[in-house]
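Take a look at the letters that make up each chain.
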Amino acid sequence: MWNAFKSKPKAEESEDGDSDYAASDGEVSDSSASHAASAELPTTSSADTTPNTSPEKKVPISKWICAQSSKAPKSNANEHITAKLEEMVKNYESTNDKWRAFGYQKAIGALRKCPHEIRSWEEARALQGVGAKLADKIWEIAQSGELRKLTEFQSSEQVQVLKLFTDVWGAGPTTANAWFQQGFRTLEDLKTKANLTHQQKVGVRLYEDLLDRMPREEAAEIEAVVKETAESVQPGVIAYACGSYRRGKKDCGDVDIILTHPDGHSHKGLFGKVIQHLKDKGFLTDDLVSVEDNENQKKYLGVCKLPGPNRKHRRLDIIVVPYEEYACALVYFTGSAHFNRSLRHLCKKMGMSLNEHALRKGVVRKGQEKIFEGTIVPTPTEESVMTALGVPFRPPEERDH
DNA sequence: GCACAGAGAAC
DNA sequence: GTTCTC
DNA sequence: GTGC
Ligand SMILES: O=c1ccn([C@H]2C[C@H](O)[C@@H](COP(=O)(O)OP(=O)(O)OP(=O)(O)O)O2)c(=O)[nH]1
Ligand SMILES: [Mg+2]
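All values reported here derive from a predicted model rather than from experimental measurement.

To continue, consider the overall build of chain A. Looking only at helices and strands, chain A has 16 helices and 12 strands in total. Long-range pairs, those at least 24 residues apart, make up 63% of the contacts in chain A between residues at least 6 apart in sequence. About 20,200 Å² of surface is accessible on chain A, with carbon and sulfur atoms providing 51% of the total.

Turning our eyes to something else, we now look at the protein's contact with DNA strand C. For DNA strand C, the set of nearby residues contains 15 residues, the closest of which are Gly170, Gly172, Thr175, Arg315 and Asp317. Here the atoms of DNA strand C within 4 Å of the protein split so that 96% fall in sugar or phosphate, with bases taking the remainder. In this structure, a sugar or linking oxygen belonging to DNA strand C sits 3.4 Å away from a side-chain N or O atom of Asp256. Between DNA strand C and Arg315 there is a distance of 2.9 Å, counted from a phosphate oxygen to a side-chain nitrogen or oxygen. Elements that contribute at least two residues to the surface near DNA strand C include exactly α7 (173–181), β7 (314–320) and α14 (326–334). By residue number, the principal contributor to the surface near DNA strand C is α7, which donates three residues. Residue composition of the surface near DNA strand C, grouped by class: seven nonpolar, four polar and four charged.

In the predicted model, chain A carries a mean pLDDT of 89, and the fraction of residues at 70 or more is 88%. Predicted confidence is poor over residues 16–26, with pLDDT under 50, and the contacts of this stretch with residues over four places away or in other chains come to 52 contacts. Counting contacts from residues 28–47, a segment whose pLDDT is below 50, to residues more than four positions away or on other chains yields 30 contacts. Listed scores for the predicted complex are pTM 0.92 and ipTM 0.99.

Time to look at helix α15 (residues 337–349). Helix length check: α15 (13 residues) gives 18 Å between terminal C-alpha atoms against 18 Å at 1.5 Å per residue, within 8%. Among all positions in α15, only His338, Phe339, Asn340, Ser342, Leu343, His345, Leu346, Cys347 and Lys349 are buried. Those residues of α15 that are buried lie in contact with α2 (98–113), α14, β8 (353–354), β9 (359–361) and α16 (382–388). Where α15 ends, the next residue or the one after it, Gly351, has phi of about 80°, a positive value.

Across all of its chains, the model carries 24 salt bridges by this definition. Ionic pairing is found between Lys249 and Asp400, a salt bridge with its closest N-O pair at 2.5 Å. Pair noted here: Lys249 is in the loop between α12 (243–246) and β3 (251–252) and Asp400 is in the segment after α16, with a separation of 151 residues, a long-range link. In this structure, Glu356 and Arg344 form a salt bridge, with 3.7 Å as the shortest nitrogen-oxygen distance. Taken together, the positions of Glu356 in the loop between β8 and β9 and Arg344 in helix α15 put the pair 12 residues apart, joining distant regions of the chain. By relative accessible area, which is 27% here, Arg344 ends up partly exposed.

What follows is about the pairing of strand β11 (residues 369–372). Across three bridges, strand β10 (residues 364–366) lies against β11 in antiparallel orientation. Along β11, the bridge assignment pairs Lys366 with Glu369. Hairpin remark: β10 followed by β11, antiparallel, with two residues in the connecting loop; positive phi at Gly367, about 70°.

Those residues carrying the UniProt feature "active site" (unreviewed entry) are Lys137 in this numbering. Mapping Lys137 onto the fold places it in helix α4 (residues 132–144). Apart from the residues lying within four places of it in its own chain, the contact partners of Lys137 are Tyr104, Leu147 and Lys149.

Among the nonpolar cores identified, the biggest contains 28 residues, and Phe283, Leu316 and Ile318 are the most heavily contacted of them. For this core, the secondary-structure elements that each account for two or more residues are α11 (216–233), β2 (238–241), β4 (255–260), α13 (270–280), β6 (299–304) and β7. Per-element accounting of this core gives the leading share, six residues, to α11. Every residue in contact with Ile318, bar those within four places of it in the chain, is listed here: Val226, Ile257, Leu259, Phe271, Ile275, Leu278, Lys298, Lys299 and Tyr300. Counting 24 residues, the second-largest nonpolar core is a separate cluster that includes Leu85, Ala101, Ile108 and Leu127.

Further remarks concern α7. Among the residues making up α7, those that are buried are Ala176, Asn177, Trp179 and Phe180. The arc enclosing the buried residues of α7, seen along the axis, measures out at 160°, which places them on a common side. Looking at the packing, one finds that the buried side of α7 touches α6 (157–166), α8 (187–193) and α9 (198–205).

Packing of α6 against α7 brings their axes to within 9 Å, and their N-to-C directions diverge by 125°. Overall, the two elements α6 and α7 adopt an arrangement that is oblique. Viewed along their axes, α6 and α7 form a crossing whose handedness is right-handed. Every residue of α7 that contacts α6 at Glu157, Gln158, Val161, Leu162, Phe165 and Thr166 is listed here: Pro173, Ala176, Asn177, Trp179, Phe180 and Gln181. Along the lines of polarity and charge, the residues of the contact of α6 with α7 split into seven nonpolar, four polar and one charged.

In terms of burial, β4 is a largely internal element, six of the six residues being buried. Alternating positions in β4 separate into two faces, Val255, Ile257 and Leu259 on one and Asp256, Ile258 and Thr260 on the other, with burial throughout. The pairing of β2 with β4 spans four bridges and is classified as antiparallel. Counterpart to Ala239 in the pairing with β4 is Leu259. Across five bridges, β4 lies against β7 in parallel orientation. Bridged to Ile257 within β7 is Ile318.

Thresholds, definitions, all that
- Residues numbered from 1 in each chain as written.
- Chains lettered and ligands numbered in written order.
- Predicted model: local features only at pLDDT ≥ 70, side-chain atom pairs only at ≥ 80, totals over all residues.
- Heavy atoms only, no water.
- Helix = DSSP H or I, 4+ residues; strand = E, 2+ residues; numbered from the N terminus.
- Contact = heavy atoms within 4.5 Å.
- Areas by Shrake-Rupley, 256 points an atom, 1.4 Å probe, with all protein chains shown as cover.
- Near = heavy atom within 4 Å.
- Polar contact = N/O pair within 3.5 Å; in protein donor to acceptor, adjacent residues only side chain to side chain.
- Nonpolar A, V, L, I, M, F, W, Y, C, P; charged D, E, K, R; others polar.
- pLDDT = per-residue confidence, 0-100.
- Expected span 1.5 Å × (residues − 1).
- Buried < 20%, exposed > 50% of the residue type's maximum accessible area, 1.4 Å probe, protein only.
- Salt bridge = Lys/Arg side-chain N within 4 Å of Asp/Glu carboxyl O.
- Pairing = 2+ DSSP bridges.
- UniProt positions renumbered as here; feature names shortened; annotations may be inferred.
- Core = buried A, V, L, I, M, F, W, Y, C linked by side-chain atoms within 4.5 Å.
- Arc of directions from axis to C-beta.
- Axes fitted to C-alpha atoms, helices over the stretch in contact; angles between N-to-C directions.
- Parallel < 35°, antiparallel > 145°, perpendicular 65-115°, else oblique.
- Left-handed = near helix turned anticlockwise from the far one by under 90°.

See the structure below:
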């Protein structure tokens, strides 16, 4: 029988990441030579290699999405197209075809930024990230309003079930497919017959609540609870909601809170205390990722519920970071994920590296592998992280790629 | 044919 | 080491 | 999926 699931290439080291990101433009792939040419964006004006200080490689930055504001035309003139392509992304993600999903996501970003409606194949093909295959599909939608490939997915029981299962927190494509192969088709099957990890049990039990997004006002209430608790445990603590909330989104999938302390050391031991206080209050209802014996705990992922009637369970993520890493941690935790991946990809092209801990220069890689870590570039602020890369500073609202 | 970010935690 | 998530 |  037909199998919609994309198997992993057998051999070693499959790199990876996950499906989505990209979008808008630039960020072409890679390989040796510095990009130089490439057709590219209308905005590309040559003469824009990074003003980056000295030794790093010169890389034109105008085409990288992290160097551009995410602000798009108020109304998406190609909504009828992007809606269908978004569906395709979900289908491909659930079937473990992450790089194909990645490609679609990139094209969607370009379509969103496009101020006019795409009507012809040539218009579509001219967009960064749209090749012949996607131009065919975009043209098909523009012409007929339909996408046969999407209809095909919708009539596949396997794909529909994989989507249902990958929406369980803690279950990805591999697990979802294993369940499908075992004959499971519904959440009830999972509850009664499947082997579930702790995370997946919580995910099934709170399935609906955890798929829901909350209004930002509710996220602000959750931020306040954590902030007050942290302050009571360690006066002077810095606590902010990042993620989509900090980017100003109207609704948030969860609340991402960063904790640190300006004295440089009082963040130590904070984790255990804050989590314990929140549990004593009855605020946290379930843990998803939380290190038992703390001290070096980096993150807490769990579920909370505000007091009172008619409240849903909400996902809450907390990270605690040393003050010296605050700027890089803020950039990371504010996102978006696409923005981060773009920024990190750009770093890599420049012979640098960026993670939630630090920005490094003089990094030596052999292929994908890092041979020498390089040295830390001091970055006291978010702005310093971006300008060190030659990327214009963007406020959180403009990093919503 | 290669690269598409980089890391923490659960199992 | 793989899977999943941020 | 795209781009090189
Ligand atoms: O693959 C990922 C996922 C997340 N992040 C960072 C950016 C993101 O903004 C932040 C918080 O993650 P989350 O999944 O909560 O994303 P969000 O941007 O807050 O969106 P949502 O409203 O769905 O929570 O962590 C990454 O760097 N890579
Ligand atoms: Mg979030």
